[in-house]
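Topology and contacts: notes
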Number of protein chains: 2
Amino acid sequence: MCRTQEIKLSSHSTALNHEASAMANTKLGPVLKDELDIVIPTIRNLDFLEMWRPFFQPYHLIIVQDGDPSKTIRVPDGFDYELYNRMDIDRILGPKASCISFKDSACRCFGYLISKKKYIFTIDDDCFVAKDPSGKEINALEQHIKNVLTPSTPFFFNTLYDPFREGADFVRGYPFTLREGVPTAVSHGLWLNIPDYDAPTQLVKPLERNTRYVNAVLTVPKGTLFPMCGMNLAFNRELIGPAMYFGLMGNGQPIGRYDDMWAGWCMKVICDHLGFGVKTGLPYIWHSKASNPFTNLKKEYKGIYWQEQIIPFFQTVTLPKHCDTVQKCYIELSKLVRENLSSVDEYFVKLADAMLTWIEAWNELNP
Amino acid sequence: MCRTQEIKLSSHSTALNHEASAMANTKLGPVLKDELDIVIPTIRNLDFLEMWRPFFQPYHLIIVQDGDPSKTIRVPDGFDYELYNRMDIDRILGPKASCISFKDSACRCFGYLISKKKYIFTIDDDCFVAKDPSGKEINALEQHIKNVLTPSTPFFFNTLYDPFREGADFVRGYPFTLREGVPTAVSHGLWLNIPDYDAPTQLVKPLERNTRYVNAVLTVPKGTLFPMCGMNLAFNRELIGPAMYFGLMGNGQPIGRYDDMWAGWCMKVICDHLGFGVKTGLPYIWHSKASNPFTNLKKEYKGIYWQEQIIPFFQTVTLPKHCDTVQKCYIELSKLVRENLSSVDEYFVKLADAMLTWIEAWNELNP
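Residues numbered from 1 in each chain as written. Chains lettered and ligands numbered in written order. Predicted model: local features only at pLDDT ≥ 70, side-chain atom pairs only at ≥ 80, totals over all residues. Heavy atoms only, no water.

1. Concerning the overall build of chain A
A count of helices and strands for chain A gives 11 helices and 9 strands. By the compact-globule yardstick of 21 Å for 367 residues, chain A fits well, its C-alpha radius of gyration being 20 Å. Taking the principal axes of its C-alpha atoms as reference, chain A extends roughly 50 × 50 × 45 Å. The buried share of chain A, reckoned over its 367 residues, is 63%. Of the roughly 13500 Å² of accessible surface on chain A, a fraction of 54% belongs to carbon and sulfur atoms. Charged side chains in chain A number 39 positive and 42 negative. The centres of these two groups are separated by 2 Å. (Helix = DSSP H or I, 4+ residues; strand = E, 2+ residues; numbered from the N terminus. Rg over C-alpha atoms; globule rule 2.2 N^0.38 Å. Buried < 20%, exposed > 50% of the residue type's maximum accessible area, 1.4 Å probe, protein only. Areas by Shrake-Rupley, 256 points an atom, 1.4 Å probe, with all protein chains shown as cover. Lys, Arg positive; Asp, Glu negative; His and termini not counted. Charge placed at Lys NZ, Arg CZ, Asp CG, Glu CD.)

2. Some details on the relation of the copies chain A and chain B
Laying chain A over chain B is done by rotating through 180° and shifting 0.0 Å along the axis; what remains is an RMSD of 0.0 Å. On the angle and the small slide along the axis, the relation comes out as a two-fold axis. Closest to the rotation axis within chain A is the C-alpha of A:Val214, separated from it by 2.8 Å. A symmetric contact is evident, with 100% of the interface residues of chain A recurring at the interface of chain B. (Least-squares fit on C-alpha atoms with pLDDT ≥ 70 in both. Contact = heavy atoms within 4.5 Å.)

3. Here's the deal with the packing of aromatic side chains
Residue and element names in this part refer to chain A. Taken as a whole and assessed by the stated rule, the structure comprises 46 aromatic pairs over all chains. Relative to Phe 314, the ring of Trp 262 has its centre 5.4 Å away and its plane inclined at 80°; by these criteria the two rings are edge-to-face. Taken together, the residues Trp 262 in helix 8 (residues 259-274) and Phe 314 in helix 9 (residues 293-316) connect sequence positions 52 residues apart. With respect to class, Trp 262 is no different from Phe 314; both count as buried. (Phe/Tyr/Trp six-rings, centres within 6.5 Å; stacked < 30°, edge-to-face > 60°.)

4. Examining the UniProt feature "site: Required for activity" (unreviewed entry) in chain A
Look at the UniProt record and you will see "site: Required for activity" (unreviewed entry) annotated at A:Arg172 and A:Arg179. As for its position among the elements, A:Arg172 is in the loop between helix 5 (140-149) and strand 6 (184-193). Residues contacting A:Arg172, with those up to four places away along its chain left out, are B:Asp196, B:Tyr197, B:Asp198, B:Pro227, B:Cys229, B:Arg257, B:Asp260, B:Met261 and B:Glu300. Assignment of secondary structure puts A:Arg179 in the loop between helix 5 and strand 6. Judged by relative accessible area, A:Arg179 falls into the buried class, the value being 7%. (UniProt positions renumbered as here; feature names shortened; annotations may be inferred.)

5. Some details on the UniProt feature "glycosylation site" (unreviewed entry) in chain A
UniProt annotation of "glycosylation site" (unreviewed entry) refers to A:Arg172 when read in the numbering used here. There is a polar contact of 2.8 Å between the side chain of A:Arg172 and the backbone oxygen of B:Arg257. (Polar contact = N/O pair within 3.5 Å; in protein donor to acceptor, adjacent residues only side chain to side chain.)

6. Remarks on the confidence of the model for chain A
Residue and element names in this part refer to chain A. Counting all residues, the mean pLDDT for chain A is 93, and 92% of those residues have values of 70 or more. Of the regions scoring below 50 in pLDDT, residues 1-26 engages in 51 contacts with residues more than four places distant in sequence or in other chains. Complex prediction metrics read pTM 0.93 and ipTM 0.92. (pLDDT = per-residue confidence, 0-100.)

7. Notes on the side chain of B:Thr357
Relative to the elements of secondary structure, B:Thr357 occurs in helix 11 (residues 347-365). In this view, B:Thr357 contacts B:Lys96, B:Ser98 and B:Cys99; residues no more than four positions away in its chain are not counted.

8. What about the interface of chain A and chain B?
In this complex, chain A contributes 58 residues to the contact, which on the side of chain B involves 58 residues. Taking both partners together, chain A and chain B bury about 5100 Å²; carbon and sulfur atoms supply 56% of that area. Between the two partners, chain A and chain B, sit 8 salt bridges. Between B:Arg172 and A:Asp196 there is a salt bridge; the shortest N-O distance is 2.9 Å. (Buried area = accessible area lost by both parts, 1.4 Å probe. Salt bridge = Lys/Arg side-chain N within 4 Å of Asp/Glu carboxyl O.)

9. Remarks on the pattern of salt bridges
In this structure the tally under the stated criterion is 40 salt bridges over all chains. Residues A:Arg86 and A:Asp90 are paired through a salt bridge, measuring 3.5 Å at the closest nitrogen-oxygen approach. With A:Arg86 and A:Asp90 both in helix 3 (residues 86-93) and 4 residues apart, this pair spans about one turn of that helix. Owing to a relative accessible area of 13%, A:Arg86 belongs among the buried residues under this scheme. Among the residues examined, A:Asp90 registers a relative accessible area of 37% and is labelled partly exposed. Between B:Asp198 and A:Arg179 there is a salt bridge whose closest N-O contact spans 2.9 Å. Separated into two different chains, B:Asp198 in the loop between strand 6 (184-193) and helix 6 (199-204) and A:Arg179 in the loop between helix 5 and strand 6 make up a pair that spans both. For the residue pair B:Asp198 and A:Arg179, the accessibility class agrees, reading buried in each case. Ionic contacts of the salt-bridge type, sharing partners, join the residues A:Asp169, B:Lys205 and B:Glu208 into one network.

10. Here we look at the nonpolar core
Counting 253 residues, the largest nonpolar core has A:Ile240, A:Trp262, B:Ile240 and B:Trp262 as the members making the most contacts within it. Setting aside residues no more than four positions away along its own chain, A:Trp262 makes contact with A:Tyr245, A:Gly247, A:Ile310, A:Phe314, A:Tyr330, A:Val337, A:Leu341, A:Phe348, A:Leu351 and A:Met355. (Core = buried A, V, L, I, M, F, W, Y, C linked by side-chain atoms within 4.5 Å.)

11. Section: a nonpolar patch on the surface
All names here are of chain A. Together, Leu 203, Val 204, Phe 294, Leu 297, Tyr 301 and Tyr 305 line one region of the surface with nonpolar side chains, adding up to about 630 Å² of accessible area. Those elements that place two or more of their residues in the nonpolar patch are helix 6 (199-204) and helix 9. Considering the arrangement of structural elements, one finds Leu 297 in helix 9. (Patch = residues over 30% accessible without salt bridge, like charges linked within 9 Å, V, L, I, M, F, W, Y side chains within 5 Å.)

12. Some thoughts on the pairing of strand 4 (residues 119-123) of chain A
The side chains of a regular strand alternate between the sheet's two faces. Residue and element names in this part refer to chain A. Among the 5 residues that make up strand 4, 5 are buried, leaving the element largely enclosed by the rest of the structure. The two faces of strand 4 match: Tyr 119, Phe 121 and Ile 123 on one face and Ile 120 and Thr 122 on the other face are all buried. Relative to strand 4, strand 1 (residues 36-42) runs parallel, the two being bridged by 4 bridges. The residue of strand 4 that forms the bridge with Asp 37 is Ile 120. (Pairing = 2+ DSSP bridges.)

Below you can see the structure in the form of structure tokens.
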């Protein structure tokens, strides 16, 4: 963890200046062009990138190919990318490759591990460019960058939402000593069209579409958990990367579709402990394809009842004071998972082991 | 407190049905017409009601006249109202009238005390009807009623905001056992045009206007405090009324403009303890008149530094389990205020006394 390398945001106006300068940079060139990787897990040709070309082309892509490694994934011309399939992952990580899931989008976290950049943006290949209510195409990446470059406010709720957005500020009664905020670790974006529902809700509401554009970014308060979706997500890899492990899912595992949830619970507990912020809200992407609710139900059903015990565990877990890096926090968390969740299912023993393997792999690739 | 009289919302679909039936009622007549009072504190003629006529006229108004009681306040024809000036308050409460502030909008809480209805909506007389982005006039009261008649979700954050709004639901990963929600005690509405800033921010940003319409209602999570503004506020008086005391402000007091903040801190701690919810977001009103920042600074300056100690107190205070009514919680809180805040200023001893007087007055008028 390189908190000392973070730009210190020492006041609200500094933060605004910082955002302003980030925006000014767009005239000079794409913001964070050399400091951000876009991670995409996929099993198919990446034609969806055509629509994103104006926004993504200046950035480097890390494509994690899931499933059959002999299949060729076509990437549209003009994109700068590296691609890893299962054979690459096995070759690079050796026995530690066991911590990277197969046949599940959880494999995306290999991209976080192999990146050398400070920031990650990850997006699913069924996500397209959404439009704001004025009809303008939304540059999701640009909004994520604004979110992670401005502080978060986890200790007190601001009723006008993110006080660091243009035209907003802290309202009357907001403590002045909390107005500096804290560094933002994660920016969680949302989805128009197909909402991110669980299988039971998909089955009950097959036709529901999310049409409500909520023009807000807000900090998820300290001590509050939320369901983090991996579809449209950015984070500061230097601040929180080692906590963004997407778990053991898919092939050979009793569960799927809980990879991002797992990362979200672990990450939030660690951010709360270390004093980092998590934002949710803008930007929206256009989510085009509802996954099959029957297949989803099969993947999810254990998670649906396990989470009734997992979430109270994460809501009450406390990390000891000596855990002052993300790695130390994560190792401690794996111990607590083993102690407290192995009674739910023996799967959590395997998962606790994999959490340790992940940290070993992280330290090896990020010395 | 009459929690047992609450409509039990036993499932999400029940809640939706409930909202649907609330809306259906609009065809039969105004929703909650005989169960809601509109409380308005004022020192002037209530011409602002003309603009609200289509929305407020069916409801009963309680007008609390602040300042010179010999002055006549003109109320537009056709409104059903009762009006109390300082002489009325002194006559009705006798020596207990000392707990009701004078020359400060904190006097509005007398209206909460004297009401016999289940719900209160309170609004300032410099607040007008706002328009949504489509240009439609916003019926603020109707949105508040929707907010208080549907449950809150304080234990886990839902990324698509209020899951009980039409077109929304709980997202993937939201624990199923938390989807019933809890009864909503408070609905905190926002303001377009003049934002609710403190004096220092008003001075620094005299021209800032809030033009961002955020189409969201959300539950303020358990354990999180927020700055509650009294300008555009509704609550369930049966659930939380005795906690909505607006403190000692204005005439003869060292502080002003912290009446709603005080109520917000106390109310939130008690809602968290008793398992009630607090929503913020929609509806917006159009706030027309920025108060004088110099006058405000004079009223606020003690609050601005006191709050740096008051807020940590409220963030860490815990109420004992035997406090199972709002009154018991509030009496306990007054004891804790006396013990913990009297070192900040002797004013808090007087305030702790007034909190007890308020509860005595409440019990007398609401046997």
